[in-house]
Amino acid sequence: MTTTLEKSPLTAAPAASTPPRLRLLRHSLVLAKRNLVKTWRTPEQLIDVTLQPIIFLILFVYVFGGAISHGSQHQYLEFVLPGLLGQGIAMGSVALGQNLNADIEKGLFDRFRSLPIARSAPLVGAVFADFFRYLTMCMIFIGFGYILGYRITTNPASAVAAIALTIGFALSFCWISVWVGLKARTAGAVQGIMFLLILPLSFGSSTFVKVDTMPGWLQAFVKVNPITHLVGAVRGLMIGGPVTNPLIWTFGWMTGLLAVFVPLALRAYKKRI
Amino acid sequence: MTYAIEAEGLTKRFGNATTGTLALDGIDLAAREGTVLGVLGPNGAGKTTAVRILATLIKPDSGQARVGGLDVVRQAEDVRRIIGLTGQYASVDEDLTGTQNLVMIGQLLDMSAAQARVRAAELLEWFDLSEAAGRMAKTYSGGMRRRLDLAASLVGRPSVIFLDEPTTGLDPAKREDMWDVVRRLVDDGSTVLLTTQYLEEADALADEISVIDRGHVIAHDTPHGLKRVVGGQWLTIRPSDPAQLDALTALLAEIAGSRPQPDGRDTLTVSVESDEILPVAVARLHSAGIRVDELSLHLPSLDEVFFTLTGTRNTAEESAA
Ligand SMILES: Nc1ncnc2c1ncn2[C@@H]1O[C@H](COP(=O)(O)OP(=O)(O)OP(=O)(O)O)[C@@H](O)[C@H]1O
Ligand SMILES: [Mg+2]
């Protein structure tokens, strides 16, 4: 180690201090940036929000579309795109929990824990960074949908509202993944557990087929399923139809998810050694 | 006398409340301001657990500890403002560059982006990492990663610094460099708690040493005092011809005044009062016609320290690693 500096840079001096109220926000943004740099370095982390939506759109529209919509693939595209979007954000949240789990295993969070920042900052930061993943996914779905012939028939403001709602829901839903990521022992387990939850939620909904084709007991589940209401609201906002009721349900679910899973995640984080 | 680090009766059990591992079984530690406390112990002794409690990462089951006069449980947030932690395993972000790692820490410590960049450049230069500053940490060697990790813990100019086995895995030259850094930190007025498995290291750096074993402090002394107890230095000799081991045993017993012990294959080691014995030993070996492959004077290893302090060879489990 060289001693080119005549005075060592280690002498104690208090660090500059700034208003405490914005500190959580600022620290979370600094940590979000860290996640984004990592994504930038390893773009393959974006496959689940870029290539996967494209493949799902093609498969569902051309494999099932004809059968489900009696030959009209275009009609099915119109129906299934918001559904795939709903499923996509649920699946897109899995990576968050996996990454958190891996980061903690590597000991990186020990550093964060020894710093005078809010305990929640690394978690909130990771969720903030996920915003860009969900935004990317929405753009890909709508952009590729357009190529296949999907058209938003309402107005631009409604379309923006649909995207905002989807991302808002995603940022609430992903706290489940954060919690699972902190509880599970390995990153692989996070994926297994999350898929157990996501498969029934996304298929047991109005995502792929009309609800009235299902047996009654399943309809009861579908009617409270948050994905059903999110997809319903997005359909309404993009191609017209009832919006108010699914919106109320979706906001209710967002509030509920945040109220339950943010505290659970924070507690799991504190307990995790 | 003011203490920068004080711990009394710390206990910590992992896992099940009765059958889990008792990592700490009532540990007392104390370091005066501006000094180095060496915590010496074998694998699984509880060194890391003690450091993690003092650095507010985990809470003790009982007992209490203060760092800079602040309680590590009740005033954890304030403690975090004055400490720096370099854990046993480097906690740097592998996908960020050296600079990005340090700037991130600076910003988390409420520096402006510009201030954080200046500080990062300063530390990278100081730790000889300027050239690697723009490379991702995953391309660093083990030693570079350690230095970056240490730099990260110094971004906020902490007054109390915890170093958990800072030189394990470093080559001898880099180990000396690390020792210089520790001395420099203390010159600047910081207090350092350093864990190690080497008496040599504790001797080189620490003002006081606590020896811990299975969650207990089994000795606390100055390096000088500890060496007096464990018998100063050891003379280790390996004869070229194993047939001369018996003659060597007799010769060593005579000049050192105590019975030599076997130390590995065809090697004898004996505790000696001072290094003045070295020329005597060489002369006697020569006149007795005993040729040697190895002859060294060194401080006792951790194993020998334990042998002297506890009367048993240390057999602590390796599972912790
Ligand atoms: N998170 C944990 N869960 C369960 N047991 C643990 C945990 N951390 C430590 N232990 C146990 O506590 C004991 C003390 O461990 P600790 O890591 O403090 O030892 P150490 O002195 O740092 O050892 P080393 O020199 O190997 O780093 C060991 O028996 C270890 O197995
Ligand atoms: Mg350890």
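In this text the structure is predicted, and so the values were computed from the model without any measurement.

(A) Structural context of the overall build of chain A. Secondary structure assignment for chain A yields 11 helices and 0 strands. Its helices and strands taken in sequence order, chain A reads α-α-α-α-α-α-α-α-α-α-α from the N to the C terminus. Considered along the principal axes of its C-alpha atoms, chain A spans approximately 80 × 35 × 35 Å. With 273 residues in all, chain A has 41% of them scored as buried. Counting contacts in chain A only where the partners sit at least 6 residues apart, residues at least 24 apart contribute 79% of the total.

(B) Seen up close, the environment of Met-104 of chain B. Tracing the chain through its elements places Met-104 of chain B in helix 3 (residues 98–108). Distance in space between the C-alpha atoms of Met-104 of chain B and Leu-123 of chain B is 14 Å, their sequence separation being 19 residues. Residues contacting Met-104 of chain B, with those up to four places away along its chain left out, are Val-30 and Arg-34 of chain A together with Leu-96 of chain B.

(C) Up close: the nonpolar core. Membership of the largest hydrophobic core comes to 142 residues, with the highest contact counts inside it found for Val-178 of chain A together with Ile-5, Leu-54 and Leu-193 of chain B. Leave out the neighbours within four places in its chain, and Leu-54 of chain B touches Ile-5, Ala-7, Ala-65, Val-67, Val-72, Phe-162 and Leu-193 of chain B. One finds Leu-235, Ile-237, Leu-252 and Val-270 of chain B within the second-largest nonpolar core, a separate group that totals 11 residues.

(D) Fine view of the sheet that holds strand 3 (residues 36–40) of chain B. Residue and element names in this part refer to chain B. In space, the 6 strands of this open sheet follow the order 6-7-8-3-9-10, with mixed pairing throughout. Each edge of the open sheet carries a strand with a single partner, namely strand 6 (83–86) and strand 10 (216–221). Pairwise comparison of adjacent strand axes, ignoring direction, gives a mean angle of 15° for this sheet. Taken together, the 4 bridges between strand 6 and strand 7 (residues 160–164) define a ladder with parallel strand orientation. Looking across to strand 7, one finds that Leu-85 is bridged to Phe-162. Sheet strands touched by helix 1 (residues 47–54): strand 3, strand 7, strand 8 (191–196) and strand 9 (208–213). Its angle to strand 7, the strand with the most contacts, is close to 155°.

(E) Quick look at the pairing of strand 3 of chain B. All names here are of chain B. In terms of burial, strand 3 is a largely internal element, 5 of the 5 residues being buried. Residues Val-36, Gly-38 and Leu-40 line one face of strand 3 and the alternating positions Leu-37 and Val-39 line the opposite face, and both faces are buried. In this structure, strand 3 lies alongside strand 8, joined through 5 bridges in parallel fashion. Bridge pairing links Gly-38 to Leu-194 in strand 8. Judged from the 4 bridges that link them, strand 3 and strand 9 form a sheet pairing that is parallel. Across the sheet, residue Val-39 finds its bridge partner in strand 9, namely Ser-210.

(F) Focus on the confidence of the model for chain B. Residue and element names in this part refer to chain B. On average, chain B scores 89 in pLDDT, and the residues at 70 or more come to 95%. For the stretch residues 315–321, pLDDT sits under 50, and the model shows 11 contacts to residues farther than four places along the chain or on other chains. Both scores are available for the predicted complex, with the pTM at 0.83 and the ipTM at 0.84.

What counts, and where the lines are drawn
Residues numbered from 1 in each chain as written. Chains lettered and ligands numbered in written order. Predicted model: local features only at pLDDT ≥ 70, side-chain atom pairs only at ≥ 80, totals over all residues. Helix = DSSP H or I, 4+ residues; strand = E, 2+ residues; numbered from the N terminus. Buried ≥ 20, exposed ≤ 12 C-beta atoms within 10 Å, placed from the backbone. Contact = placed C-beta atoms within 7 Å. Core = buried A, V, L, I, M, F, W, Y, C linked by C-beta atoms within 7 Å. Pairing = 2+ DSSP bridges. Axes fitted to C-alpha atoms, helices over the stretch in contact; angles between N-to-C directions. pLDDT = per-residue confidence, 0-100.

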